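Now for the letters of each chain:
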Amino acid sequence: GSELLRGVHHVVKDEAFARWRYENHPRVQYSQMELLGADGELLGYLVLKLYEKEARRYGHWVDVNLKPQALSRFPALAKAAMKRFVQQKADIASFWMLKNSPLFAVLQRMGFQPTGFTTYVGYRLVDPSFPTGELGLEKWHMVMGDSDAF
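Not measured: the values here are computed from a predicted model.

## Quick look at the nonpolar core
The tendency in soluble globular proteins is for nonpolar side chains to be buried side by side.
Here comes step 1: Core analysis: the largest hydrophobic core is formed by 23 residues, its most contacted members being Leu-46, Leu-48, Trp-61, Val-64, Phe-74, Met-97 and Leu-107.
Here comes step 2: Among the secondary structure elements, those contributing two or more residues to this core are β1 (31-36), β2 (42-53), β3 (56-66), α2 (74-87), β4 (92-95) and α3 (102-109).
Here comes step 3: Per element, the largest residue contribution to this core is five residues, and it comes from α2.

Shown next, in the form of structure tokens:
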């Protein structure tokens, strides 16, 4: 499952989910970069997509997941993803990330700027006993791949 941020709400992404969402997508080709430990254990991954619109090539970081012990290795993974986008002649690289993510500051140091359109998230409580303190954005981890548009 997703271990990027313990104690936050997220889509559970196991191997079956990844196969269904990315590998078996009927219209979009995604690529995945993996971060492996010395013993071959999967410590994290980054899912990428190249998208063309109006004569521009966009490199989308569609999904990212890292185990807590791999957070320090994220800059190397991010740099490898950027190298891939340069090789693919992407004009722009973009991602969705909440400011509470520990990866947000890393990406800002790499030159990414918070910009673009606003995405709204809404909810309606079904269970009135649900603790409303769990609903703030600091309690969530969301990426492009959590949307059906990407």
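## What to know about the confidence of the model for the chain
Here comes step 1: Mean pLDDT for the chain: 82, with 90% of residues reaching 70 or above.
Here comes step 2: The weakest mean pLDDT in the chain belongs to helix α1 (residues 15-23) at 82; the strongest belongs to α2 at 93.
Here comes step 3: For residues 1-5, every residue scores under 50 in pLDDT, and the model assigns this stretch 21 contacts once sequence neighbours within four places are set aside.

## Here's the deal with the pattern of salt bridges
Think of it this way: side chains of opposite charge can pair up when their charged atoms draw near.
Here comes step 1: For the coordinates displayed, the defined rule picks out two salt bridges.
Here comes step 2: The salt bridge involving Glu-41 is made with Lys-67; its shortest N-O contact spans 2.8 Å. Here Glu-41 is found in the loop between β1 and β2, whereas its partner Lys-67 is found in the loop between β3 and α2, with 26 residues between them in sequence.
Here comes step 3: Classification of Glu-41 as partly exposed rests on a relative accessible area of 33%.

## Notes on the environment of Ala-70
Here comes step 1: Its location among the elements puts Ala-70 in the loop between β3 and α2.
Here comes step 2: Under the relative-accessibility criterion, Ala-70 is labelled buried at 0%.
Here comes step 3: Through-space distance from the C-alpha of Ala-70 to that of Ala-18 is 20 Å; in sequence the pair is 52 residues apart.
Here comes step 4: Aside from chain neighbours lying at most four places away, what touches Ala-70 is Leu-35 and Leu-43.

## Section: α1
Here comes step 1: Every buried residue of α1 is listed here: Phe-17, Ala-18, Arg-21 and Tyr-22. Projected down its long axis, α1 shows its buried positions confined to an angular sector of 95 degrees, all on one face. Turned more than 90 degrees away from the buried face of α1, the exposed residues are Glu-15, Trp-20 and Glu-23.

## Structural notes on the packing of aromatic side chains
Here comes step 1: One pass over the full model with this rule turns up seven aromatic pairs.
Here comes step 2: With centroids separated by 6.2 Å and ring planes inclined at 45 degrees, the aromatic side chains of Tyr-51 and Tyr-58 adopt a geometry described as tilted.
Here comes step 3: A ring pair is formed by Phe-95 and Phe-112, whose centres lie 5.0 Å apart and whose planes are at 70 degrees; its orientation type is edge-to-face. Of this pair, Phe-95 sits in strand β4 while Phe-112 sits in the segment after α3; the two residues are 17 residues apart in sequence, bridging distant segments of the chain.
Here comes step 4: For Phe-112, a relative accessible area of 11% translates into the label buried.

Parameters and conventions
- Residues numbered from 1 in each chain as written.
- Predicted model: local features only at pLDDT ≥ 70, side-chain atom pairs only at ≥ 80, totals over all residues.
- Heavy atoms only, no water.
- Core = buried A, V, L, I, M, F, W, Y, C linked by side-chain atoms within 4.5 Å.
- Buried < 20%, exposed > 50% of the residue type's maximum accessible area, 1.4 Å probe, protein only.
- Helix = DSSP H or I, 4+ residues; strand = E, 2+ residues; numbered from the N terminus.
- pLDDT = per-residue confidence, 0-100.
- Contact = heavy atoms within 4.5 Å.
- Salt bridge = Lys/Arg side-chain N within 4 Å of Asp/Glu carboxyl O.
- Arc of directions from axis to C-beta.
- Phe/Tyr/Trp six-rings, centres within 6.5 Å; stacked < 30°, edge-to-face > 60°.

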